[in-house]
Amino acid sequence: MTKTTAREEWRAHAMVPVAAGLGYATSVIHIYGIGPYFGPVAEQFGWSRTEVTFGLTIATLVQAVGGVFIGLAVDRFGPRRFGVAGLLLLGAAFALLGTASGSLLQWYLLWALIALAALPVQASVWTSAVASLFHVSRGMAFAVTLCGASIAAGVFPLMGTYAIARLGWRMAFSAHAGAWLLLAFPLIFLFFRGRYDRGRKGAEADAKATAADLPGASLREALRSTIYHRLFIASLLFTFTIIAIVVHFTAILGDRGADPLTAAAIASFVGWFSLAGRLGTGVLLDRLPASLVGAAVFMLPVAGCLLLLLGGSSFAAMIVASALIGLTLGAEIDVVVYLLTRHFGLKNFGGLYGGVLAALSIGTAIGPLAAAQIFDRTGSYEGFLWLALAFMTGSSLAIGTLPRRHEAFAAH
């Protein structure tokens, strides 16, 4: 079999990671886009930060439970049908948050709807399509795809803040979701497809071949591996802290003296620097041991948290902190997904990534809630930032102790 070069892969499939990146950005609108709404909703109904944040916890816990099953379904049926339909459902569910009536039960039911809509558009949908088409340049292709979260972190807080100022928070939910889908969905519809999404006959023929022909470990082998256990722990600890920081970042900056628009502008640096982090990490992953790359970038937010804790109301400290947090936010999933494919191959990628996604979802669910609870009890996010230092150091150690050599499936 003739070996394909990185240039040939990009010439043939360049738009797939771009479309997948836009899909991934849309799939996290309820995570990266909700921050500006917490304050107005809580103020409108007299809710605490913990009460209003618990809706996000519901959504991500459902994703933790359902992620493995969706991953297995993607392995069987291909990612396109899940991604295209799921994005429309998620956009509609996000818009419906504007119908909140003041009843906590109704608020949580709206978030349960988001939870169901988000299931078919989880990260494994977008990354599995890219992994099926890119081999030599997989690290960079993943980086481009996962830049979607960077775009989300950079654009969604500003979109939400602007829409709230102009339309009020109720109409802002619909405007936010509608404007983004109008921009992103056409490209996703036209260009997003994996190796096994090419026409019914081809897809059926390829689907029969996937289980037998794709290289990779069995589910049993992978789930018993200490490598998989460490990836799970690193994902759990890191997302517990980093997502909580991102979700509450505008509030953290506001507590340190920034007005809402300034806080949103500084928070947007997280997204823009995460673009550099993702692309830079993609280059490094194709050239250096992934475990060392991951261990290094996972430590960057430690410095960012220290700046937030010790920098007082300095805008310079806030900006540098957002940059450091963004550089890591641009790398953590890239590292985990890359290591997963290199150590365990593609045969059961969707199912295995669904398991890691459970850790990511649990961390995403509990972290923002824990930060809100600490704020409600102490009137400050300082205690959570100290906790974040410890957890991020633990995740760095879990990644750094992985084998540095590529395993049996590295070439595939």
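Cut-off values and rules
Along each chain, residues carry numbers from 1 onward, in the same order as the chain's sequence is written. It should be noted that, the model being predicted, local features are given only for residues of pLDDT at least 70 and side-chain atom pairs only at 80 or more, the latter also being counted only at that level, while totals for whole chains, interfaces and linings use all residues. No hydrogens and no water enter the side-chain calculation; it runs on all heavy atoms of the structure. Per the convention used, a helix needs a DSSP run of H or I reaching at least four residues, while a strand needs a run of E reaching at least two, with both numbered from the N terminus. For this analysis, a polar contact is any N or O atom pair within 3.5 Å, provided that within protein one partner can donate a hydrogen and the other can accept it, and provided that sequence-adjacent residues contribute only side-chain to side-chain pairs. Note on contacts: a residue pair is in contact if any heavy atoms of the two residues lie within 4.5 Å. Between the first and last residue of a helix there are one fewer steps than residues, each counted as 1.5 Å, and that sum is the expected span. Throughout, bend refers to the angle between the axes fitted to the seven residues that end at a position and the seven residues that start at it. Centre distance within 6.5 Å is the pairing criterion for rings of Phe, Tyr and Trp, where only the six-membered ring of Trp is used; planes under 30 degrees apart are then read as stacked, over 60 as edge-to-face, and the remainder as tilted. Exposure categories follow from relative accessible area, calculated using a 1.4 Å probe and restricted to protein chains: below 20% of the type maximum is buried, above 50% is exposed, and the middle band is partly exposed. Axis definition: a line fit to C-alpha positions, over the contact stretch in the case of helices; interaxial angles, taken between N-to-C directions, run 0 to 180 degrees. Angle categories: roughly parallel below 35 degrees, roughly antiparallel above 145, roughly perpendicular from 65 to 115, and oblique for all the rest. By definition, any crossing whose near helix is turned counterclockwise from its far helix by less than a right angle is left-handed, and any crossing with a clockwise turn is right-handed. Each residue is assigned to one class: nonpolar for Ala, Val, Leu, Ile, Met, Phe, Trp, Tyr, Cys and Pro, charged for Asp, Glu, Lys and Arg, and polar for all the others, Gly among them.

Novice: Could you clarify how one ought to interpret the side chain of T239 in this entry?
Specialist: By the secondary structure assignment, T239 is in helix α13 (residues 226-247). Of note is the side chain of T239, whose polar atom sits 2.7 Å from the backbone oxygen of S235. Filtering out sequence-adjacent residues up to four positions away, T239 remains in contact with A244, A359, L360, G363 and T364.

Novice: Please clarify how helix α6 (residues 80-95) should be interpreted in this entry.
Specialist: Across its 16 residues, α6 extends 23 Å between first and last C-alpha, which sits within 8% of the 22 Å expected from 1.5 Å per residue. The axis of α6 is deflected most strongly, by about 25°, at G86.

Novice: Please explain the packing of aromatic side chains as it appears in this structure.
Specialist: Any aromatic ring pair is given by two values, namely how distant the centres are and how the planes are angled relative to each other. Across all of its chains, the model carries 19 aromatic pairs by this definition. Where Y37 meets F173, the ring centres are 4.0 Å apart and the plane angle is 15°; that geometry is what we call stacked. In this pair, Y37 sits in helix α4 (residues 35-45) while F173 sits in helix α10 (residues 169-191), placing the two residues 136 residues apart along the sequence. The two residues Y37 and F173 agree in class, both being buried. With centroids separated by 6.3 Å and ring planes inclined at 40°, the aromatic side chains of F269 and F273 adopt a geometry described as tilted. One end of the pair is F269 and the other is F273, both in helix α15 (residues 260-285) and 4 residues apart, which spans about a single turn. Aromatic ring contacts, followed pair by pair, group Y37, F45, W47, F94, W107, W111, W169 and F173 into a single cluster.

Novice: Explanation requested: the packing of helix α8 (residues 123-133) against helix α9 (residues 138-167) in the structure shown.
Specialist: When two helices pack together, their arrangement is given by the angle between the helix axes and by the axis-to-axis distance. Contact geometry for α8 and α9: axes closest at 10 Å, N-to-C directions at 150°. Between α8 and α9, the interaxial angle falls into the category roughly antiparallel. Like other packed secondary-structure pairs, α8 and α9 cross with a definite hand, here right-handed. From α8, W126, T127, V130 and A131 reach across to α9, where they touch R138, A141, F142, T145 and L146. Split by residue class, the contact of α8 with α9 holds 6 nonpolar, 2 polar and 1 charged.

Novice: Mind showing me how you'd approach the packing of α13 against helix α21 (residues 382-400) here?
Specialist: Put simply, α13 and α21 touch, their axes get as near as 8 Å, and they point 150° apart. Regarding the angle of α13 to α21, the classification is roughly antiparallel. Considering how the two elements wind past one another, α13 and α21 form a crossing that is left-handed. In contact with R230, L231, A234, L237, F238, F240, T241, A244 and I245 of α13, α21 contributes F384, L385, L387, A388, F391, M392, G394, S395, A398 and I399. The residue inventory of the contact of α13 with α21, partitioned by class, reads 15 nonpolar, 3 polar and 1 charged.

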